[in-house]
Amino acid sequence: MLTFDETYTALYSGMSQLDVASRWKDRCNPSRLHVCDLILSLKDLECPHGAFFRYRSIETDLLSCVLQRAATAALGKLASRELWPMGAEEDAYFTVDAAAMPLCLGRRRIATLRDYARFALLHLRGGEIDGRRIVPADWIAGTRFGADPALFGGIFQKILPAVAYHNQFWIEDTTRGVYMARGVFGQLIYIGPVADLAAVVLSSWPEFVSRVRMRTALAVIGAIRGALSS
């Protein structure tokens, strides 16, 4: 696992460098920096691969680079071809860096609330919408139940006691297979297949992350789930 400092508020952390490379922050020097440049500059090994879990935003952009190279298609084309047939009704937008590379980590892709809800519904239906297979069913099952909870702990369990992370999703509970997409400032797509419940939260917190606010949001969703199932 390569070293990457996810600290959002530190001036020279890896995350701050990523914001500069993404053009979300002004750069402190005139050197030309793109996201790919930053990815290729990461060379220090923190620990062997798979030893433990640490969330690093830049890995999402790395995955995007791999997908685009493997498919020989830009990210927008891939999303339009592979995902938007889920029934999306509006265009999505991607931030691009100075090299016109579309970015994929949090705060970088923009869709409507209704289309985020359609994305959640796609997952509730096992990856199939209106008889059309969009996402492989075994990939969704692997996302829900394929993580090893033993690799997770510390700060992550302060919000989700049974937390895990797999295939770009946070798993609330590996027993029930409840999972979610979480972003900074409170963005949330919650997927509860057992209860057949999905929820989308578009927030704008004053903080990047807040344990209290996230626990409150999950408690509200839990209360709605309980009310609907009673």
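Everything in this summary refers to the structure shown in the same document. The model shown is predicted, which means the values in this text are computed figures rather than measured ones.

Regarding the layout of surface pockets
Right, on to step 1. Empty space within the second largest pocket amounts to approximately 760 Å³.
Right, on to step 2. Listing elements by their share of the lining of the second largest pocket, those giving two or more residues are α3 (58-71) and β5 (164-166).
Right, on to step 3. A total of six residues in the lining of the second largest pocket trace back to one element, the largest contributor, which is α3.
Right, on to step 4. Of the residues contributing to the lining of the second largest pocket, the split by class is 15 nonpolar, seven polar and three charged.

Observations regarding the pairing of strand β6 (residues 169-173)
Right, on to step 1. Buried residues dominate β6, accounting for five of its five residues.
Right, on to step 2. Where β5 lies against β6, three bridges are found, and the strand directions are antiparallel. Bridging across to β6, alanine 164 finds its partner in isoleucine 171.
Right, on to step 3. Linking two consecutive strands that pair antiparallel, namely β5 and β6, is a turn of two residues; a positive phi of about 55 degrees is found at asparagine 167 within it.
Right, on to step 4. Examined bridge by bridge, β6 and strand β7 (residues 178-182) share three bridges and lie antiparallel to one another. In the strand pairing of β7, isoleucine 171 is matched with tyrosine 179.
Right, on to step 5. Hairpin connection, β6 to β7: the antiparallel pair is bridged by four residues, and glycine 177 has positive phi, about 70 degrees.

Thoughts on unusual backbone geometry
Right, on to step 1. Residue aspartate 130 is not a glycine yet carries a positive backbone phi of 50 degrees.
Right, on to step 2. Note on placement: aspartate 130 falls in the loop between β3 (128-129) and β4 (132-133).
Right, on to step 3. Even without being a glycine, asparagine 167 presents a positive backbone phi close to 55 degrees.
Right, on to step 4. If you trace the backbone, asparagine 167 turns up in the loop between β5 and β6.

A look at the environment of serine 204
Right, on to step 1. Tracing the sequence through the fold places serine 204 in the loop between β9 (197-201) and α7 (211-229).
Right, on to step 2. Its relative accessible area of 70% is what places serine 204 among the exposed residues.
Right, on to step 3. Note: C-alpha distance between serine 204 and tryptophan 84 (120 residues apart in sequence) is 25 Å.
Right, on to step 4. Apart from residues lying up to four places away in sequence, serine 204 is in contact with Phe185 and Gln187.

Focus: helix α5 (residues 113-124)
Right, on to step 1. The terminal C-alpha atoms of α5, which comprises twelve residues, lie 16 Å apart, in line with the 16 Å expected from a rise of 1.5 Å per residue.
Right, on to step 2. Those residues of α5 lying buried are Asp115, Tyr116, Phe119, Ala120, Leu122, His123 and Leu124.
Right, on to step 3. Looking one or two places after α5, you find glycine 126, whose phi comes out positive at around 70 degrees.

Quick notes on the state of the cysteines
Right, on to step 1. One pass over the full model with this rule turns up zero disulfides.
Right, on to step 2. Cysteine 65 takes part in no disulfide bond, and the closest cysteine sulfur, belonging to cysteine 36, lies 3.8 Å away.
Right, on to step 3. The structure places no disulfide on cysteine 104, whose sulfur is separated from the nearest cysteine sulfur, that of cysteine 65, by 9.5 Å.

Observations regarding the nonpolar core
Nonpolar side chains in soluble globular proteins generally cluster together in the buried interior.
Right, on to step 1. Ranked by size, the top nonpolar core spans 36 residues in total, and within it Trp170, Tyr190, Ile191 and Leu218 carry the most contacts.
Right, on to step 2. Per-element accounting of this core gives the leading share, five residues, to α5.
Right, on to step 3. Ala21, Leu38, Val184 and Phe185 belong to the second-largest nonpolar core, a separate cluster that totals 15 residues.

As for a nonpolar patch on the surface
Right, on to step 1. A cluster of nonpolar side chains, contributed by Val220, Ile224 and Leu228, occupies part of the molecular surface with about 290 Å² of accessible area.
Right, on to step 2. Along the chain, isoleucine 224 falls in helix α7.
Right, on to step 3. Since its relative accessible area comes to 41%, isoleucine 224 is described here as partly exposed.

Criteria and thresholds
Residue numbers run consecutively from 1 along every chain, following the written order of its sequence. Whole-chain, interface and lining totals are the exception, using all residues; otherwise, since this is a predicted model, local features are given only for residues with pLDDT of at least 70 and side-chain atom pairs are given and counted only at 80 or more. Excluded from the side-chain calculation are hydrogens and water; included are all heavy atoms of the structure. Space inside and on the surface of the protein is sampled on a 1 Å grid over the protein atoms alone, with a cavity defined as a set of points where a 1.4 Å probe fits but cannot get out and a pocket as an open set with protein on both sides within 12 Å along at least 5 of 7 lines; lining residues have an atom within 4 Å of a point. Grid points are joined across faces, edges and corners, and a volume is the space filled by probe spheres set on the points. Strands are runs of DSSP state E lasting at least two residues, helices are runs of H or I lasting at least four, and both sets are numbered from the N terminus onward. Under the scheme applied here, ten amino acids are nonpolar (Ala, Val, Leu, Ile, Met, Phe, Trp, Tyr, Cys and Pro), four are charged (Asp, Glu, Lys and Arg), and all others, including Gly, are polar. Categorising residues by exposure relies on relative accessible area from a 1.4 Å probe, with only protein chains included: less than 20% of the type maximum marks a residue as buried, more than 50% marks it as exposed, and the intermediate range marks it as partly exposed. In short, DSSP must find at least two bridges between two strands for them to pair. It only takes one pair of heavy atoms within 4.5 Å for two residues to be counted as in contact. One fewer than the residue count of a helix, multiplied by 1.5 Å, yields its expected span. Throughout, disulfides are identified as pairs of cysteine sulfur atoms within 2.5 Å of each other. Only buried Ala, Val, Leu, Ile, Met, Phe, Trp, Tyr and Cys residues count toward a nonpolar core, and they belong to the same one when joined by side-chain atoms within 4.5 Å. Each patch groups residues whose relative accessible area exceeds 30% and which form no salt bridge, using 9 Å between like charges and 5 Å between nonpolar side chains of Val, Leu, Ile, Met, Phe, Trp and Tyr. Where accessible areas are quoted, they stem from the Shrake-Rupley method and a 1.4 Å probe; at the residue level, only the protein chains shown are allowed to cover. A carboxyl oxygen of Asp or Glu within 4 Å of a side-chain nitrogen of Lys or Arg is what we treat as a salt bridge.

Fair warning: the whole summary comes from geometry, so function is off the table for now.
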